[in-house]
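Here is what each chain is made of, one letter per residue.
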Amino acid sequence: MHKTLPVLIGLSTISLYSYGQHHTDSLRKQRLREVIVLDKKKTMKADSMSSTLRLEGRLLETPQNITSVTSELVREQGGLEIKDIARNASGVKMGYNSSVFDASTTVMVRGFGAITYVNGMPQRSTMGALIDDAAMIDRVDFIKGPAGFLLSSGEPGGSINITTKTPGPQRIRQIEAAGGSFGFLRVAADVGGAVQPKGFSYRINAAYQQQQSFQDFIKTRKYIASPVIQYNFSPGTWLLAEYNLIRMTADGGSSVTQTGTEADVLQHRIGNNYAGDPNLPQSYTMSQSVRLMFSHRFNSRWKMTIQSKYTATPSAAWSLLSDNYSPVNFDSTNITRRMSQYSYVNGRVAAAQAYINGTFHTGRSVSHQLVAGIDYNYSKDDFSVAYGQYKFVFDRNQPQYGLPKDSVQALGKPRLIVRENNWWSAFVYNTTRVHQNWLFNYGGRFTFNMPVTTNAKTPLRNETAFSPRLGITRLLGENTSVYAVYDQSFIPQAGADFAGNNFKPLRGNSFEVGAKREWFQRKLITTLAGYHIIKNNLLVSDLQHPGFSRQIGQATSTGVEADIIGRLSDRFTVSANYAYTYAITSKDSRPENEGTRLAFTPEQMINTWVQYAIPVTAQARLSISAGQSTVTRTATYTPDVYLKGYTKLDAGVAWDAGRWYIRVIADNLTNKRYFSSGDILIGSIHEGVKSYYYIEGAPLSFKAFAGIRL
């Protein structure tokens, strides 16, 4: 970091000086002034629903807690993945993720696992990997509660929708370089042409990133490419083609899980990585997707959207574990026998959608906003895991690394799992406005699920469901609303338990009430919400049969949330939220589990991020930022046993001169050691002993970004 930051600053200074010497004509000066003005107008909050969410209208009027995070706010915070962006929404927490890869598939919302969509379509199958990157992200919507209007497979806890970068109304030329702690290096470019009333436009985002982990041996590389082409037949009719590629590799191992007992967790040297070795084969994960989208506006009131997408998410991971098939653990003499583990997943998803949006009136004081359509989704997973044929003695007191490569790669017979599923659905949702102040959002979705193949021993069967939705919003003036919404969800669940019984579809019911208000000329929005969710046929890990899941009867989640996001003034930006979540197993075939908290769910979470900008010249400003994340006790699979909470402090400073900028972000200022996620089990390794399986949070680190807007 000490070497990287001066280099970045020097390169930026040289580039700016050279540019100024060779481009002094009046046209360039005019463009410079335009960029500066536009930058000052950027908002840190979204005013309306994302077009990829299908529903239209102001977020204030939508009867649901939806937090929209813009790319401007992500850039301000130095965010690079969903795990960084999640701090801006209440009740959102990264779950237990043992992989070194981003794996935003582990996001938890209101106590339940969340599904991630990209442009309103599913990005992954049941087991496929999911990685993301800010280079492709234009906006992220955290949708609390079911979202039947988005897709039939909406989780009752919530969903995440990523809107990717596509051509916009203005030309874009931006290059950014970054460096930081643990060998962090990154370069990214965003180049695009303005959308024309008729003709072609484009946008290309690309990035390369490499970083060493604070844990020994691990080094990751990430490659991102996202070209988009759009052709406008007319201002209201256009065709878009998009390709997204993210590939991430890891040397030295892929697992970041650590184990320990009550006495030794977080006490060892933070860089210890017993699950890694410099001679492990390279691991990788990749996401490739192709999207075609056609939009046609019939007139000022009606438009049609058709889009389709195919996504492939292969991944191959190498790591080491002890020969008792648990993450590396030691006996009383600090000895273990390690062996290799290789897992491969190939997930594929195909999706197609067609829907119309329209507005019409049925009286002088009654208007309607309608969305109706159909969609089809297909997914298939091939999963295999194999274990090494050789065991290697390892002494924690005298660690020796450098395993023989040929022996590490000698594997036993793999265990195979295949899951294939497809379903289609039809939906109609309408928002009726009465006398301007009352809005009724109602409708539903009919889903027909047709499982194809699974490892289950029992016969497959088709499933159908109708999922209704009813929401009411009362406007109290132009900037305040109160709302209530009842929503249902239906999620087909492919696969089977250890006994070979097919999993029943997940069915959820959610009731939510809340209030929203926009402040300071709509620059800032606050939301207060309370909810109660019932989730039937929930899947949990089968601790008696590792690698399998089992289906419990019912889980409930009850909580309150508060969100603040936007600008208090042109100088003061704030993003803050609070969540209290009480998520429990309410019904189970094992009565002793009833009333226990759902694993990986914190009781309370508090996040803040504030930035104050100080104008220095007419074009430049200095910004100072500070943030905080607090997580109280997090439930585990052992009843009434919790992971210790933590508070982490962050800060930043930035200089933005309109055409160029430098930003430095510091994470974990107090260098606190904490559990990022994890679990606690009793007797899983040693009889009667409490064993921790945990992911440790990163220590104090810095990132510096330098960018230029051409």
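Preceding this paragraph is the structure being described.
For the structure given in this document, a descriptive report is provided here.

## A word on the sheet that holds strand 4 (residues 112–113)
- Taking strand neighbours across the sheet as the criterion, the three strands line up as 2-3-4 in an open arrangement whose pairing is antiparallel. Pairing within the sheet leaves two strands with one partner each, and these edge strands are strand 2 (92–94) and strand 4.
- Pairing between strand 3 (residues 107–109) and strand 4: two bridges, direction antiparallel. Paired with Val 109 across the strands is Phe 112, a residue of strand 4.

## Here we look at the nonpolar core
- Core analysis: the largest hydrophobic core is formed by 22 residues, its most contacted members being Ile 82, Ile 85, Val 92, Val 107, Val 140 and Phe 142.
- Those elements that provide at least two residues to this core are helix 3 (71–77), helix 4 (82–85), strand 2, strand 3, strand 7 (137–144) and strand 8 (158–164).
- With sequence-adjacent residues up to four places away left out, Val 140 is seen in contact with Thr 67, Ser 68, Val 69, Ile 82, Ile 85, Ile 160, Asn 161 and Ile 162.
- Ala 46, Ile 66, Ala 147 and Val 371 belong to the second largest nonpolar core, which has 15 residues in total.

## What about the sheet that holds strand 7?
- As summarised here, the arrangement of the five strands in space is 1-7-8-5-6, forming an open sheet in which the pairing is mixed. In this open sheet, the two edge strands, each paired with only one partner strand, are strand 1 (66–70) and strand 6 (121–122).
- Pairing of strand 5 (residues 115–118) with strand 6 involves two bridges; the strand directions are antiparallel. Bridging across to strand 6, Val 118 finds its partner in Met 121.

## Structural notes on unusual backbone geometry
- In this structure, Gln 521 takes a positive phi of about 60° despite not being glycine.
- Look at Gln 521 and you get exposed, because its relative accessible area is 73%.
- Unlike most non-glycine residues, Phe 600 shows phi in positive territory, near 75°.
- By the element assignment, Phe 600 lies in the loop between strand 29 (572–587) and strand 30 (604–615).

## Digging into the pairing of strand 5
- Of the strand pairs in this sheet, strand 5 and strand 8 are connected by four bridges, and their pairing is parallel. Across the sheet, the residue bridging to Val 118 is Ile 162, located in strand 8.
- Between the antiparallel neighbours strand 5 and strand 6 lie two residues, among them Asn 119 with a positive phi of about 55°.

Rules of the game
- Residues numbered from 1 in each chain as written.
- Predicted model: local features only at pLDDT ≥ 70, side-chain atom pairs only at ≥ 80, totals over all residues.
- Heavy atoms only, no water.
- Pairing = 2+ DSSP bridges.
- Helix = DSSP H or I, 4+ residues; strand = E, 2+ residues; numbered from the N terminus.
- Core = buried A, V, L, I, M, F, W, Y, C linked by side-chain atoms within 4.5 Å.
- Buried < 20%, exposed > 50% of the residue type's maximum accessible area, 1.4 Å probe, protein only.
- Contact = heavy atoms within 4.5 Å.

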